[in-house]
Amino acid sequence: MGVPKGKTSKANRRMNRASRYTSEAPALAVCPKCHALKQPHHVCMSCGYYNDKAVLVKKWSND
Ligand SMILES: [Zn+2]
């Protein structure tokens, strides 16, 4: 494992922590199949499709 060469100053540490607090909302894409909002490059949680392929099969649905 890499070992840090020097101590991170309090100011640098605070700047590192402050960078996690972003006001931007996570990016969302529209599913081309069901037009629901989904995360880009992720399987759609609404219809279970990715790139026109059924990736997730809903086993709990009755229809
Ligand atoms: Zn979908």
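Higher on the page you've got the structure.
In what follows, the accompanying structure is described. Keep in mind that this is a model prediction, so the values were computed, not measured. (Residues numbered from 1 in each chain as written. Predicted model: local features only at pLDDT ≥ 70, side-chain atom pairs only at ≥ 80, totals over all residues. Heavy atoms only, no water.)

1. Observations concerning the coordination of the zinc ion
Donor atoms from the polypeptide that bind the zinc ion are Cys-31 (SG), Cys-34 (SG), Cys-44 (SG) and Cys-47 (SG), placed at 2.3 Å. One way to put it: the four donor atoms around the zinc ion meet at angles of 106 to 113 degrees, and that makes the site tetrahedral. In primary-sequence terms, the residues that donate to the zinc ion follow C-x2-C-x9-C-x2-C. Residue Cys-34 is located in the loop between strand S1 (29–30) and strand S2 (37–38), and its partner Cys-47 is located in the loop between S2 and strand S3 (49–50); the two are separated by 13 residues in the primary sequence. Exposure remark for Cys-34: the relative accessible area of 29% places this residue in the partly exposed category. (Donors = N, O, S within 2.8 Å, 3.2 Å for Na, K, Ca; no water. Tetrahedral: all angles 85-135°; square planar, octahedral: opposite > 155°, others 65-115°. Helix = DSSP H or I, 4+ residues; strand = E, 2+ residues; numbered from the N terminus. Buried < 20%, exposed > 50% of the residue type's maximum accessible area, 1.4 Å probe, protein only.)

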